[in-house]
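Chain residues, written in single-letter form:
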Amino acid sequence: RAVAAAIVDRLQQGQRVALVSDAGTPGVSDPGAVIVRTVMEAGLRVIPIPGASSALAAVSAAGLRTTGFRFIGFLPSGARERERLLRDVASSDEATVLFEAPHRIRALQGELSHVLPPDRRVVVARELTKKFETISAHTAAVLADLDPEVRGEYVIVIDAAEHEDRPTLDPQ
């Protein structure tokens, strides 16, 4: 917040400021959103400059069965909220994009393997647009058995459920 206030001061003095983040696109699961919001609330102009977006790069390389997708970003850290959200994803007709940190990717793969139908398609992308980029597609059934690299940020794309593989609610 202090940096955001300093940026607003500079902009009000007529200076130009570029916000560049090594954590991804500012405002997309990135703390840069605080700066953008503060600048806009001060009545100043924010101009986006298109660049690499790991979410869009992963979607473009995923071969989804739908044209739209739901972006969640990083999952909540609380176990109950996390499980509720993953169960919601499992029952959704939409493709879903998640971000995950390398130290939590193995746990997420296990969770997805547990909540998704076994034949649900999941694309695991790591280090997109960088030297060690990897993109691979799997069924949910094998996710827990994968041995992920514990370096680099992950983008997980869960393909839309086919109508017949969507979980049904138990009427009891």
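Structure shown above.
Here the residue numbering is sequential within each chain, running from 1 through the sequence in written order. Local features in a predicted model are, by the rule used here, given only for residues with pLDDT of at least 70; side-chain atom pairs are given and counted only at 80 or more, and totals for whole chains, interfaces and linings are based on all residues. Computation of side-chain values covers all heavy atoms of the structure but excludes hydrogens and water.

1. Overview of the sheet that holds strand E5 (residues 154-158)
Consideration 1: A pair of strands is considered paired only if DSSP assigns at least 2 bridges between the two. By the criteria applied, helices consist of DSSP H or I runs no shorter than four residues and strands consist of E runs no shorter than two, each listed in order from the N terminus. One open sheet holds the 5 strands; their spatial order is E1-E2-E5-E3-E4, and the pairing between them is mixed. Among the strands making up the open sheet, the edge pair consists of strand E1 (69-74) and strand E4 (134-139). The sheet shows a mean angle of 15° between the axes of neighbouring strands, taken without regard to direction.
Consideration 2: Bridge count between strand E3 (residues 121-126) and E5: 5 bridges; the pairing is antiparallel. Of the residues in E5, the one forming a bridge with Ala-125 is Val-155. Between N-to-C directions, angles span 0 to 180 degrees; the directions come from axes that are lines fitted to C-alpha atoms, helices contributing only their stretch in contact.

2. Digging into the pairing of E3
Consideration 1: Within E3, 5 of the 6 residues are buried, leaving the element largely enclosed by the surrounding structure.
Consideration 2: Here E3 pairs with E4 via 6 bridges, running antiparallel. Looking across to E4, one finds that Val-122 is bridged to His-138. For the exposure calls, accessible area comes from a 1.4 Å probe over protein chains only, and a residue counts as buried if that area is under 20% of its type's maximum, exposed if over 50%, partly exposed in between.

3. Remarks on the side chain of Gln-109
Consideration 1: With respect to the helices and strands, Gln-109 occurs in helix H5 (residues 105-115).
Consideration 2: The contact partners of Gln-109, leaving out residues within four places of it in the chain, are Val-124, Leu-143, Ala-144, Leu-146 and Pro-148. Pairs of residues are marked as contacts when any of their non-hydrogen atoms sit within 4.5 Å.

Nothing here speaks to function; it is geometry throughout.
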